2 protein chains.
Amino acid sequence: MSAARLIGLDWGTTACRAYLIAADGAALERANGPGILKVEQGAFGGWLDSMVGGWIATHGVVPIILSGMIGSRQGWREAPYALCPAGPDDLVAALMRFEHNGLAITLVPGLATENDRMPDVMRGEETQILGALALSGRQDGLFLLPGTHSKWADVAGGRIVSFRTFMTGEVFGALKDHTILGRLMRAGADADGFERGVEEGAALGSAGALLNRLFATRSYGLMGQLAETALSDYLSGLLIGAEVAAATRQAQGPVTIIASAALAGRYTDALSRLGQENRLAPEDCVAGGHWRLARAAGLC
Amino acid sequence: MSAARLIGLDWGTTACRAYLIAADGAALERANGPGILKVEQGAFGGWLDSMVGGWIATHGVVPIILSGMIGSRQGWREAPYALCPAGPDDLVAALMRFEHNGLAITLVPGLATENDRMPDVMRGEETQILGALALSGRQDGLFLLPGTHSKWADVAGGRIVSFRTFMTGEVFGALKDHTILGRLMRAGADADGFERGVEEGAALGSAGALLNRLFATRSYGLMGQLAETALSDYLSGLLIGAEVAAATRQAQGPVTIIASAALAGRYTDALSRLGQENRLAPEDCVAGGHWRLARAAGLC
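First things first, this report covers the structure right here in the doc. Please read these numbers as outputs of a predicted model, since none were measured by experiment. (Residues numbered from 1 in each chain as written. Chains lettered and ligands numbered in written order. Predicted model: local features only at pLDDT ≥ 70, side-chain atom pairs only at ≥ 80, totals over all residues.)

**Digging into the sheet that holds strand β12 (residues 159-166) of chain B**
All names here are of chain B. Put simply, the rule is: Two strands make a pair as long as DSSP finds a minimum of two bridges between them. By definition, any uninterrupted DSSP run of H or I lasting at least four residues is a helix, any uninterrupted run of E lasting at least two residues is a strand, and each is numbered from the N terminus. Axis geometry follows a simple rule: fit a line to the C-alpha atoms, using only the stretch in contact for helices, then measure angles between N-to-C directions, giving values from 0 to 180 degrees. Once C-beta atoms are placed from the backbone, any two residues with those atoms within 7 Å are in contact.
Pairing is mixed across the open sheet formed by 5 strands, whose spatial order is β12-β11-β10-β13-β14. For this open sheet the edge positions go to β12 and β14 (278-280), each flanked by a neighbour on one side alone. Averaged over all pairs of adjacent strands, the angle between strand axes in this sheet comes to 25°, irrespective of strand direction. Of the strand pairs in this sheet, strand β13 (residues 255-257) and β14 are connected by 3 bridges, and their pairing is parallel. Its bridge partner being in β14, V255 is matched across the sheet by N278. Of the strands in this sheet, β10 (141-145), β13 and β14 touch helix α9 (residues 261-273), which is tilted by about 170° from β14.

Given below as structure tokens:
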């Protein structure tokens, strides 16, 4: 077994994934904990101890590096955003350090950027992207991190040049659970409904056209053009199709998806359907990002 | 006082407005009742009696005409949709008649249409539009009926040629109350925030761009670019701006808004901001529509 050299935590809003990391950046062991919204005020240290205490007892004290919303105002400490374009050196220069029970903790800052005068922010995804770059040996490309809010990041020369947030996942949930569109829906999976949504969403000609086409989730059901069991997948496809068409408009080369295979599935389907080459990054690439930043910072 | 000749009810999902109508189509008296979703199974007749019983006692039996969601599957009786393009004669040919406690009831059908192979439906708005045409002496133009779901209808030669539903109002409520966007919002009215939203929403280049720009409701707040009291109006403006830009893309001449002055205000502001001439239809024009259809059907 390789010797443990680092502990990395990807501590987000809804979940925490902890990794015991070897000298080659590979994850030796994994642990899970609650996201920051589920942790009571001030209890972050206690949760850290419970997740990594056993590793430290076994392997001795190693540096600990944290990324994600744990560095936000609602987290443990607030680490000010670094600015795009940003490579590993820029993130290292903005690392925040503090001590907890004799353990040296390092916090990775999030990134801020601006597109068309709209500010945008990420926390945690920058570390996943750096890990994916390290593991693949790549320096350039378009990266997609799907989720409640999906992030699309442009990478060039090993630096994150800019990125955009799309609220697709959260909008889907709000529309399904809290508008009339959910009324006709019945549980079910329907690949044809999803594909129809993807194609129609990608073909919409304007932002307002989406506010109109959403209603098709109801009218297709009313008129018997889609089964009630297909309506949820149609709505999902409609939103993802619109997102993918906008985000890949200027894409050159394949899109790299950083996500679990389950989460990536819908985007893989949509990208392929729309003729966009894509590939999946290795799982746990966030641990590779932790390793890379810790090494560059001289922590291990 | 003019003699009462007709009773008209605009009976929708959330409210019912009843009118006692004179021989010139003007509303003599008004009453309110619950929308169909608030009426228990089978209780429509009782509610009708309670709203109009006093008028009949005073003025004698007159024909009663109903429009709106009362003619849907969830209403009193289901009146099959008439198809666009539809003028008064087409609606008259599709009227449904039945009797309730010796009273002759006539139900106005809704309208169905199709745009880019997407079916669309309305119930009640067709009667409002016919009333607005009758009261204004017009035969052509673009009509907007804002609400939870706003309807934009093209009228030519006195007939409703086609229409589109935009889910703007309901989407706004779901996003504000059920996504992270509501978290930073504080109560307040902010005309500048609304105008900024309208301009940015109208300028978006694609459907997917809206899923991205929604996040500005948060990032502008995070970065101090909009006050927390302006964020709700910014989001409202963003959605309405996107809707108006899409719906008026091929508009010729002014848009006629059919709504209470309070409800119309945001759309009047947005249309004017985007350089689109607009005017407000008279209040209670639905009673004019009831009168016109009842006359054409020989009811009064």
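**As for the interface of chain A and chain B**
For the record, the criterion: Polar here means any residue outside two lists: the nonpolar Ala, Val, Leu, Ile, Met, Phe, Trp, Tyr, Cys and Pro, and the charged Asp, Glu, Lys and Arg; Gly therefore counts as polar.
Tallying the contact residues gives 40 residues for chain A and 40 residues for chain B. Of all elements in the fold, only β9 (118-122), β12 (159-166), α4 (168-178), α6 (207-213), α7 (216-222) and α8 (231-247) of chain A reach the threshold of two or more residues within the side of chain A that touches chain B. Broken down by element, the residue count for the side of chain A that touches chain B peaks at 7 residues, all from α6(A). Grouping the constituent residues of the side of chain A that touches chain B by class yields 24 nonpolar, 11 polar and 5 charged.

**Things to note about the relation of the copies chain A and chain B**
Just so we agree on the cut-off: All copies are superposed by least squares; the fitting set is the C-alpha atoms of residues with a pLDDT of at least 70 in both.
Aligned on chain B, chain A shows an RMSD of 0.0 Å; the corresponding rotation is 180° and the shift along the axis is 0.0 Å. Overall, the copies show the geometry of a two-fold rotation axis. Both copies contact each other with a shared surface, as 100% of the interface residues of chain A are interface residues in chain B too.

**Regarding the environment of B:V171**
For the record, the criterion: Here a residue counts as buried when 20 or more other C-beta atoms sit within 10 Å of its C-beta, as exposed when there are 12 or fewer, and as partly exposed otherwise, the C-beta atoms being derived from the backbone.
Position of B:V171 relative to the elements: it lies in helix α4 (residues 168-178). Judged by C-beta crowding, with 26 C-beta atoms within 10 Å, B:V171 ranks as buried. Placed 65 residues apart in sequence, B:V171 and B:S236 show a C-alpha to C-alpha distance of 9.6 Å. Filtering out sequence-adjacent residues up to four positions away, B:V171 remains in contact with A:L211 and B:L239.

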